[in-house]
Amino acid sequence: MLKFKSLLAAVGMTLVAATAMAADITGAGATFPFPVYAKWAEAYKAATGTGMNYQSIGSSGGIRQIRAKTVTFGATDAPVSGADLDKDGMVQFPMIIGGTVPVINLDGFKPGELRVTGPVMAEMFLGKISRWNDAKLAALNPGKNLPNEIITVVHRADGSGTTFNWTDYLTAISKDWADTVGKGAAVKWPAPTSVGGKGNEGVAANVNRIKGSIGYVEYAYVKKNNMNFLQIQNANGKYVSPDDLTFAAAAAGADWFSVPGMGVSMVNAKGDNSWPVSTASFILMYKAPADKAGSNEALKFFDWSFKNGKKMAADLDYVPLPDSLTDQIRSRVWSQIQK
């Protein structure tokens, strides 16, 4: 854990700050993959001498920056539609797979000790279940001494692919949520106790600060911040905990090229071991880049990461893409980018 924190501190100046010294490769967007991009960037710099400046500003910010052509690539967890990719002259491909996790601040319980179903969790985020000792939560956790404590919902304050995937899941498992809120990178949060935080970092910080709170963050932030989390009942009726194995189980059946831009949803995937809020994080690049040299350098970094970054990704409980898929990305997607 100390080593991981030291890593983020060491690369923070070059990866996050927009005012940092110009690097050979520039990117911006999703906070979801930032921990693994940071680890890859440090190793790539050591191996090649080429640096990367990645601004962890949220998926919506990454899409804005690539459209403004201020960065070589954008990163988003909310995939851009095929129509918008065609309009913008861009390609999109997955870079890494991970999972979004419901995190809580509740004294007296170990991580994963408490269970929740998707519909009950939707009621918590809707504000219809407002206290931890609600009868529906108690029924799912027999024998547990749940406190009469107010539930504070912590959500993203910025446009977020993590929010898109979280609300995609809630929409899939709750008609009430689908009808009243729906899915999106930014939504109107209905619970009266809702509190916003910027980035996965901000949500994690607020959950750790507010007693009785529940939020959602990418799993690397759970590990980094030693956070408590809920088990979720998946599509097969099994209660599962988040880790690289349950994320990989959810991704196993993904048909990547069935959707333009490879924007496949993995929420509520079937399988006894599938984590129900698994997701990919995507890269956006121009087919005809204004800076071909910078674009080529970015592709070299992605290629190196696919080949050499698997263990680094697994160490942070992300799921690296299989070689069969990365080969297809090279031949079917990168081939569309002018060199």
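Basis of the calculations
Residues numbered from 1 in each chain as written. Predicted model: local features only at pLDDT ≥ 70, side-chain atom pairs only at ≥ 80, totals over all residues. Heavy atoms only, no water. Helix = DSSP H or I, 4+ residues; strand = E, 2+ residues; numbered from the N terminus. Buried < 20%, exposed > 50% of the residue type's maximum accessible area, 1.4 Å probe, protein only. Contact = heavy atoms within 4.5 Å. Areas by Shrake-Rupley, 256 points an atom, 1.4 Å probe, with all protein chains shown as cover. Lys, Arg positive; Asp, Glu negative; His and termini not counted. Charge placed at Lys NZ, Arg CZ, Asp CG, Glu CD. Polar contact = N/O pair within 3.5 Å; in protein donor to acceptor, adjacent residues only side chain to side chain. Axes fitted to C-alpha atoms, helices over the stretch in contact; angles between N-to-C directions. Parallel < 35°, antiparallel > 145°, perpendicular 65-115°, else oblique. Left-handed = near helix turned anticlockwise from the far one by under 90°. Nonpolar A, V, L, I, M, F, W, Y, C, P; charged D, E, K, R; others polar. Salt bridge = Lys/Arg side-chain N within 4 Å of Asp/Glu carboxyl O. Core = buried A, V, L, I, M, F, W, Y, C linked by side-chain atoms within 4.5 Å. Expected span 1.5 Å × (residues − 1). pLDDT = per-residue confidence, 0-100. Pairing = 2+ DSSP bridges.

**Points about the overall build of the protein**
Secondary structure assignment for the protein yields 14 helices and 12 strands. Taken along its principal axes, the extent of the C-alpha atoms in the protein is 60 × 40 × 30 Å. Counting every position in the protein, which comprises 339 residues, the buried fraction comes to 55%. Long-range pairs, those at least 24 residues apart, make up 75% of the contacts in the protein between residues at least 6 apart in sequence. Surface summary for the protein: the accessible area is close to 13,500 Å², and the carbon and sulfur share equals 52%. The average position of the 34 basic charges and that of the 28 acidic charges among the side chains of the protein differ by 2 Å.

**Here's the deal with helix α5 (residues 118–126)**
Among the 9 residues that make up α5, 7 are buried, leaving the element largely enclosed by the rest of the structure. Buried residues of α5: G118, V120, M121, A122, M124, F125 and L126, and no others. For α5, the capping residue at the N-terminal end is T117, with a side-chain oxygen 3.3 Å from the backbone nitrogen of V120. After α5 finishes, the residue G127 shows a positive phi value of roughly 90 degrees.

**Here we look at the packing of α5 against helix α7 (residues 161–173)**
Remark: α5 packs on α7, axes separated minimally by 9 Å, with the N-to-C direction vectors making an angle of 120 degrees. The pairing of α5 with α7 is recorded here as oblique in orientation. Helix-helix and strand crossings are classified by hand; for α5 and α7 the assignment is left-handed. Contacts between α5 and α7 involve G118, P119, M121, A122 and F125 from the former and W166, Y169, L170 and I173 from the latter. Its residues assigned to classes, the contact of α5 with α7 shows 8 nonpolar, 1 polar and no charged.

**A few points about the pattern of salt bridges**
Overall, the coordinates contain 17 salt bridges when judged by the stated rule. As a salt-bridge pair, K310 and D323 come within 2.7 Å of each other at their nearest N and O atoms. Taken together, the residues K310 in helix α13 (residues 310–315) and D323 in helix α14 (residues 323–332) connect sequence positions 13 residues apart. With relative accessibility at 47%, the residue D323 sits in the partly exposed group.

**Overview of the side chain of T246**
With respect to the element layout, T246 can be found in helix α11 (residues 244–251). The buried category is assigned to T246, whose relative accessible area is 9%. With residues near it in sequence (within four places) discarded, T246 still touches V240, S241, N273, S274, W275 and S278.

**What about the nonpolar core?**
Membership of the largest hydrophobic core comes to 94 residues, with the highest contact counts inside it found for F93, F125, W256, M285 and F302. Counting residues per element, this core draws most heavily on strand β4 (residues 90–104), which supplies 8 residues. With near-sequence residues (within four places) excluded, F93 lies in contact with M262, S281, F282, I283, M285, F302, I329, V333 and W334. Grouped together as the second largest cluster of nonpolar side chains are 9 residues, I66, V71, M90 and L284 included.

**Side note on helix α12 (residues 292–308)**
Compared with the 24 Å implied by 1.5 Å per residue over 17 residues, the 24 Å span of α12 between its first and last C-alpha is a close match. Turning to α12, its buried residues number three or more, namely G294, S295, A298, L299, F301, F302, D303, W304, S305 and F306.

**Re the confidence of the model for the protein**
The predicted coordinates should not be examined in detail at positions where pLDDT is low. Of all residues in the protein, 93% attain a pLDDT of 70 or more, and the chain-wide mean is 92. Predicted confidence is poor over residues 1–22, with pLDDT under 50, and the contacts of this stretch with residues over four places away or in other chains come to 36 contacts.

**Examining the pairing of β4**
With 15 of its 15 residues buried, β4 lies for the most part within the structure. With 9 bridges connecting them, β4 and strand β12 (residues 278–286) associate as antiparallel partners. For P94, the partnering residue across the bridge sits in β12 and is F282. Bridging between β4 and strand β9 (residues 228–229) involves 2 bridges; their strand directions are antiparallel. Its bridge partner being in β9, V103 is matched across the sheet by F229.

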